[in-house]
Amino acid sequence: MEIAKTNWPWVESYLRTKAILLVPIGSTEQHGPNGLIGTDHLVAESLARAVGEDLSLLVAPTLAFGMSNHHLAFPGSASLSPETMIRVVREVVTSFSRNGFRRFFFINGHGGNVSSLQAAFADILADRPDLRLQLASWWLLPEVQEKEKEYFGKENGFHATCGEVSVTWHLYPGAETPIAPGVAPDPETEWPVGPERYRFLYPDGRMGSNPALATGEKGKVLFEIARKAIGDRVRKFLQLDGATMTGG
Ligand SMILES: [Zn+2]
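Predicted, not measured: the structure shown is a model, and the values here were computed from it.

1. Looking at the environment of Glu-164
By the secondary structure assignment, Glu-164 is in helix α6 (residues 162–171). Apart from residues no more than four positions distant in its own chain, Glu-164 is found in contact with His-31, Thr-39, Asp-40, Trp-138, Glu-148 and His-159.

Set out below in structure tokens:
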């Protein structure tokens, strides 16, 4: 259930038995010549909504901007600084905590968000030890990585990956855009890099990927694997919460 499509009495009644909120977070950044700019937030959003349906849990509105500074030399990309991102996450979590939410499970679609999210969690928990926070970055789940390896091997790459492009084509079939086969460069040099340096090193935006291998059918399989894997982790997160929180 999406919190945006409920009303306050509904949320109040949810909070009588459950204190968990699923929070999708991603980015708005280039994903190579044929990947959707919204890939990272669209995938996180769809996964959060699917897991929310599976487990009858509330889902927050998607945090669609992330730490994407290195992509800013490509049109259509926008970024929050790490400092702003930490503040946004902190203020969203503490606002919802005033309503009675105590458990926040972030479903993340963007690698550039991970360090800022971890910093935000540390910052929040320093003041609010009554809260619990968890992060699942869908493409890093071993279950997903195993399948991506089987499908794409090394050609999955690190940005605009075959896996994420496949999942968006499953979710948005009309977005399928062919691309000539070929693995994008991956010079394995310094990281992070600034926007112009990124475009110099990775001229079409991809990092080491060959999204000509992407298909919506593979995306469906990867999506369902991620949905189950995240659901398992949400259940575990709640089970380890002690008797009072069992079930949500
Ligand atoms: Zn991405």
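Having seen it, we continue.
2. Section: the environment of Ala-175
Within the element layout of this structure, Ala-175 appears in the loop between α6 and α7 (195–201). Counting along the chain gives 29 residues from Ala-175 to Asp-204, while the straight-line C-alpha distance between them is 18 Å. In contact with Ala-175, other than residues within four places in its own chain, are Leu-36 and Trp-169.

3. Let's talk about the packing of aromatic side chains
If you walk through the whole model with that rule in mind, you get nine aromatic pairs. Seen from their ring centres, Tyr-14 and Phe-101 are 6.2 Å apart, and the 40° between their planes marks the pair as tilted. Linking Tyr-14 in helix α1 (residues 8–14) with Phe-101 in the loop between α3 (82–99) and β3 (103–108), this pair joins segments that are 87 residues apart in sequence. There is no split in this pair, since Tyr-14 and Phe-101 are both buried. In textbook terms, an aromatic cluster arises when at least three aromatic residues are bridged by ring pairs, as seen for Trp-10, Tyr-14, Phe-96 and Phe-101. Over the aromatic face of Phe-237 sits the side chain of Arg-132, whose NZ or CZ is 4.3 Å from the ring centroid. Sitting over the face of the ring of Tyr-151, Lys-218 holds its NZ or CZ atom 5.8 Å from the ring centroid.

4. Details of helix α5 (residues 142–152)
Taken together, the buried positions of α5 are occupied by Val-144, Glu-148 and Phe-152. Looking straight down α5, one finds that the buried residues subtend no more than 35° of arc, so they occupy a single side. Facing away from the buried side of α5, by more than 90 degrees, are the exposed residues Pro-142, Glu-146, Lys-149 and Glu-150. Looking at the buried positions of α5, the neighbouring elements they touch are α6 and α8 (216–239).

5. Details of unusual backbone geometry
Geometrically, the link from Trp-191 to Pro-192 is a cis peptide bond, its omega value of 5° lying close to zero. Structurally, the position occupied by Pro-192 is in the loop between α6 and α7. Within the chain, Ser-56 stands out as a residue other than glycine whose phi angle is a positive 55°. The phi dihedral of Glu-188 is positive, around 50°, even though this residue is not glycine. Positionally, Glu-188 belongs in the loop between α6 and α7. A relative accessible area of 68% places Glu-188 in the exposed class.

6. Structural notes on the coordination of the zinc ion
At this site the zinc ion is bound by His-31 (NE2), Asp-40 (OD) and Glu-164 (OE), with donor distances of 1.9 to 2.2 Å. On the primary sequence, the residues serving as donors to the zinc ion are separated as H-x8-D-x123-E. One end of the pair, His-31, is in the loop between β1 (20–25) and α2 (39–55); the other, Glu-164, is in helix α6, with 133 residues separating them in the sequence.

7. Thoughts on the packing of α2 against α6
Contact pair α2 / α6: the axes reach a minimum separation of 10 Å and the direction vectors enclose 60°. Taken together, α2 and α6 sit at an angle that is classed as oblique. In this structure, α2 crosses over α6, and the sense of that crossing is left-handed. The residues of α6 that touch α2, namely those facing Thr-39, Asp-40, Leu-42, Val-43 and Ser-46, are Glu-164, Val-167, Thr-168 and Leu-171. Classifying every residue of the contact of α2 with α6 gives four nonpolar, three polar and two charged.

8. Some details on the pattern of salt bridges
Evaluation of the coordinates by the stated rule reveals 16 salt bridges. Between Glu-2 and Arg-49 there is a salt bridge, and its shortest N-O distance comes to 3.1 Å. Remark: Arg-49 occurs in helix α2 and Glu-2 occurs in the segment before α1; sequence separation between them is 47 residues. For Arg-49, a relative accessible area of 31% gives the class partly exposed. Here Arg-90 makes a salt bridge to Asp-127, at a shortest N to O gap of 2.4 Å. Placement of the pair is Arg-90 in helix α3 and Asp-127 in helix α4 (residues 114–127), with a sequence separation of 37 residues. You can call Arg-90 partly exposed: its relative accessible area is 23%.

Quick notes on the rules
- Residues numbered from 1 in each chain as written.
- Predicted model: local features only at pLDDT ≥ 70, side-chain atom pairs only at ≥ 80, totals over all residues.
- Heavy atoms only, no water.
- Helix = DSSP H or I, 4+ residues; strand = E, 2+ residues; numbered from the N terminus.
- Contact = heavy atoms within 4.5 Å.
- Phe/Tyr/Trp six-rings, centres within 6.5 Å; stacked < 30°, edge-to-face > 60°.
- Buried < 20%, exposed > 50% of the residue type's maximum accessible area, 1.4 Å probe, protein only.
- Lys NZ or Arg CZ within 6 Å of the ring centre and 35° of its normal.
- Arc of directions from axis to C-beta.
- Donors = N, O, S within 2.8 Å, 3.2 Å for Na, K, Ca; no water.
- Axes fitted to C-alpha atoms, helices over the stretch in contact; angles between N-to-C directions.
- Parallel < 35°, antiparallel > 145°, perpendicular 65-115°, else oblique.
- Left-handed = near helix turned anticlockwise from the far one by under 90°.
- Nonpolar A, V, L, I, M, F, W, Y, C, P; charged D, E, K, R; others polar.
- Salt bridge = Lys/Arg side-chain N within 4 Å of Asp/Glu carboxyl O.

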